[in-house]
Amino acid sequence: MTDLLLTHGYFMYEDPKELQILKPYAPLGILYICSHLRSMGFRVEVFDTTFSTMDALKRHLQTEAPSVLGIYANLMTRKTVVEILRTARLAGWTSVVGGPEPGAYVREYLEAGADVVVFGEGEATMEELLPALQCKSPAALSKVAGIAFLDEAGHLIQTTPRTQISDLDALAWPARDAVDIRRYVETWRHAHGTGSLSFITARGCPYHCRWCSHQVFGKTHRRRKPVGVVDEVQWLLETYRPDMVWIADDVFTIHHGWLRAYAAEMHKRGLHVPFECITRADRLNPEAADLLAELGCFRVWIGSESGSQRILDAMERGVTVAQVQSAVDLCKSRGIQTGMFLMWGYEGEELQDIEATIDHVKRADPDVFFTTVAYPIKGTPYYQRTADSLIQLKPWNQSSDRELSPRGRRSPEFYGFADRLLQNEVQLARLQRATSDGEALQRLRQQVRALRECLYSTSSEVTA
Ligand code: B12
């Protein structure tokens with residue numbers, strides 16, 4: 001019998017898109033909660049859905065003695081989490097939901113079957129909540145900071161906010177033994193030739209980008225001590241022998257002094273592992289780029305969003321187009337690959353902004369780039385601003401914030417043309433640099449012309 005069973009709604013094998021990507025990482029949030037509670041004497045297990053099926057989880061919930069079920073939810077897993085909640089309730093479990101989404105949709109999750117919604121970091125809250133749940137009384141729950149629940153009359157009760165964990169070094173490392181980490185590493189290795197796993201060195205991002213969710217960590221930024229991180233890295237390398245790692249921080253390069261100390265400690269212990277991470281362009285300078293290269297960084301992801309300064313400013317991104325160009329150059333000159341994340345369709349974006357983005361990517365010429373059509377995540381300033389004009393085509397429990405679209409937005413077809421034009425323009429620019437082969441260039445130029453015509457001709461079709 002467990003005190004708590006933790007799970008999440010990500011079923012890689014039941015998601016055709018994820019099966020094409022095959023780059024799974026263990027859910028660190030619930031593994032942190034698991035290790036913390038275990039260290040406090042609670043009996044905690046994890047049902048890792050990544051390699052399992054919804055049917056297997058349902059069977060588990062229906063056949064095991066019910067206790068408390070804790071579920072991680074983000075905007076992509078809403079639908080499966082709602083289904084898990086329904087099964088859990090019928091099977092007699094008490095359900096608690098946490099993670100980046102439930103705090104923004106408290107009533108919806110409670111009405112979908114959750115008994116409690118936890119805001120923010122779950123470690124200390126769950127430590128107090130598990131005993132309070134034993135009492136089965138709203139009075140006991142009311143004393144637990146950082147949660148919401150419905151009282152007997154169906155009124156929403158939200159307790160006082162919980163203060164954030166000030167000393168991340170006091171936390172136990174994620175309970176990786178609660179899941180099959182070797183299978184994660186092997187899945188990567190089998191599909192991509194390199195086995196990977198992830199860890200974090202900090203929590204929270206202090207920047208203000210209007211579309212980004214700060215639901216869990218607010219705008220704080222708390223770092224672990226470099227020595228403690230290196231201890232974990234050393235243990236990970238010795239225990240799981242990955243070929244690379246992913247440092248899953250929001251912005252790994254925020255603090256250059258920290259980076260220096262981390263690199264020195266890795267060097268002192270003779271540790272070196274290829275890795276990828278995310279940065280902001282303004283947090284990369286020659287010294288930081290040197291440190292990344294020295295540490296084994298082979299790819300840096302740069303949140304670039306748009307090539308139009310007007311749009312970057314509207315997003316309150318706090319970065320200039322020129323900084324992104326120079327960050328890409330800094331990485332390239334050190335042999336580090338670059339990946340750019342781009343966003344179409346942010347408020348106010350016009351054709352000239354799209355052209356500026358295409359020009360930006362052509363000039364920067366990153367190794368990889370991904371585009372998304374902007375969507376407002378509940379709880380963000382972007383959502384607040386667009387809330388009155390949002391179109392939701394499907395019911396809440398069958399959709400996600402990714403499907404929310406502000407009225408006046410151009411059509412999916414338009415953004416499809418923008419994507420193809422971007423890809424073709426970048427390819428053309430590369431070909432122009434590499435060859436003088438007239439025919440291939442000619443063909444690509446024609447394609448680019450045709451795509452630009454399609455883009456411009458669909459630009460006036462907007463959602464009503
Ligand atoms: C790593 C990461 C990924 C990775 C892998 C995820 C993984 N399995 O590790 C990849 C690249 C695959 C990814 C993809 C996406 N991601 Co992502 N990702 C992250 C990132 C940077 C770190 C996650 C992490 O490890 N955090 C560290 C742990 C300690 O924090 P935590 O998970 O939040 O857990 C704490 C609390 O939430 C709480 N908690 C968590 N679970 C539970 C459960 C219970 C019961 C309780 C009580 C509490 C609780 O306690 C935990 C410990 O304190 C976060 C941002 C961030 N800094 O968290 C975004 C983030 C989670 N991602 C986000 C998004 C939007 C996406 C994508 C949709 C992006 C896209 N456009 O495709 C996809 C969706 C993927 C999917 N199918 O689910 C958003 C989610 C927003 C939302 N409201 O849901 C975030 C918050 C980024 C952001 N700021 O906007 N992501």
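In this report, the structure presented in the accompanying data block is examined. Since the model is a prediction, treat every value here as computed from it, not as a measurement. (Residues numbered from 1 in each chain as written. Predicted model: local features only at pLDDT ≥ 70, side-chain atom pairs only at ≥ 80, totals over all residues. Heavy atoms only, no water.)

### Quick notes on the environment of valine 46
For valine 46, the location among the structural elements is in strand β2 (residues 44-47). On the basis of relative accessible area, valine 46 is assigned to the buried category, the value being 12%. Along the primary structure valine 46 and valine 117 are separated by 71 residues, whereas in three dimensions their C-alpha atoms are 19 Å apart. Each residue touching valine 46, except ones within four places of it in the same chain, is listed here: Leu5, Leu6, Ile30, Leu31, Cys34, Ala178 and Val179. (Helix = DSSP H or I, 4+ residues; strand = E, 2+ residues; numbered from the N terminus. Buried < 20%, exposed > 50% of the residue type's maximum accessible area, 1.4 Å probe, protein only. Contact = heavy atoms within 4.5 Å.)

### Some remarks on unusual backbone geometry
Here lysine 136, not a glycine, exhibits a phi torsion of approximately 55°, which is positive. Within the secondary structure, lysine 136 sits in the loop between α6 (123-135) and α7 (138-142). With a relative accessible area of 72%, lysine 136 lands in the exposed category. A positive phi angle is found at aspartate 365, which is not glycine, with a value near 50°. Summarising the element assignment, aspartate 365 is placed in the loop between α14 (351-364) and β15 (368-373).

### Side note on the sheet that holds β2
The strand order β2-β1-β3-β4-β5-β6-β7 describes an open sheet built from seven strands, whose pairing is mixed. The open sheet has two edge strands, β2 and β7 (156-158), and neither has a second partner. Across the sheet, the axes of successive neighbouring strands diverge by a mean angle of 20°, strand direction being ignored. The pairing of strand β1 (residues 4-8) with β2 spans four bridges and is parallel. Directly across from leucine 4, in β2, lies its bridge partner valine 44. The strands that helix α2 (residues 28-39) touches are β1, β2 and β3 (68-72); relative to β2, the one it contacts most, it runs at about 160°. Sitting on the sheet, helix α4 (residues 78-90) touches β1, β3 and β4 (94-98), and the angle it makes with β3 is about 175°. (Pairing = 2+ DSSP bridges. Axes fitted to C-alpha atoms, helices over the stretch in contact; angles between N-to-C directions.)

### Some remarks on the pairing of β3
In terms of residue burial, β3 counts as a mostly covered element, since four of its five residues are buried. Alignment of β1 against β3, held across five bridges, turns out to be parallel. Paired with threonine 7 across the two strands is isoleucine 71, which belongs to β3. As defined by bridge partners, β3 adjoins β4 across five bridges and the pair is classed as parallel. Each residue of the ladder has a partner; that of valine 68, found in β4, is threonine 94. In terms of handedness, the path from β3 via α4 over to β4 forms a crossover that is right-handed. (Right-handed = clockwise from strand over helix to strand, strands pointing away.)

### Examining α4
Taking 1.5 Å per residue, 13 residues should reach 18 Å; α4 reaches 19 Å between its end C-alpha atoms and fits that length. For α4, the complete set of buried residues consists of Arg78, Val81, Val82, Ile84, Leu85, Thr87 and Ala88. Of the surrounding elements, those touching the buried residues of α4 are β1, α3 (54-63), β3, β4 and α5 (106-111). Two residues or fewer after α4 comes glycine 92, characterised by a positive phi angle close to 90°. (Expected span 1.5 Å × (residues − 1).)

### As for the state of the cysteines
Taken as a whole and judged by the stated rule, the model has zero disulfides. The structure places no disulfide on cysteine 277, whose sulfur is separated from the nearest cysteine sulfur, that of cysteine 297, by 4.3 Å. Residue classification places cysteine 277 among the buried positions, given a relative accessible area of 0%. (Disulfide = S-S within 2.5 Å.)

### Side note on the sheet that holds strand β8 (residues 196-199)
The strand order β8-β11-β12-β13-β14-β15 describes an open sheet built from six strands, whose pairing is parallel. Each of the sheet's edge strands pairs with one partner strand only, and the pair in question is β8 and β15. The mean inter-strand angle of the sheet, taken between neighbouring strand axes irrespective of direction, is 20°. As paired elements, strand β12 (residues 275-279) and strand β13 (residues 297-305) share five bridges and run parallel to each other. Bridge pairing links glutamate 276 to arginine 299 in β13. Lying on the sheet, helix α8 (residues 181-192) is in contact with β8, β11 (244-247) and β12; it crosses β8 at an angle near 125°. Here helix α16 (residues 412-434) sits on the sheet in contact with β14 (337-344) and β15, set at roughly 165° to β15.

By themselves, these are just geometric observations and shouldn't be taken as functional.
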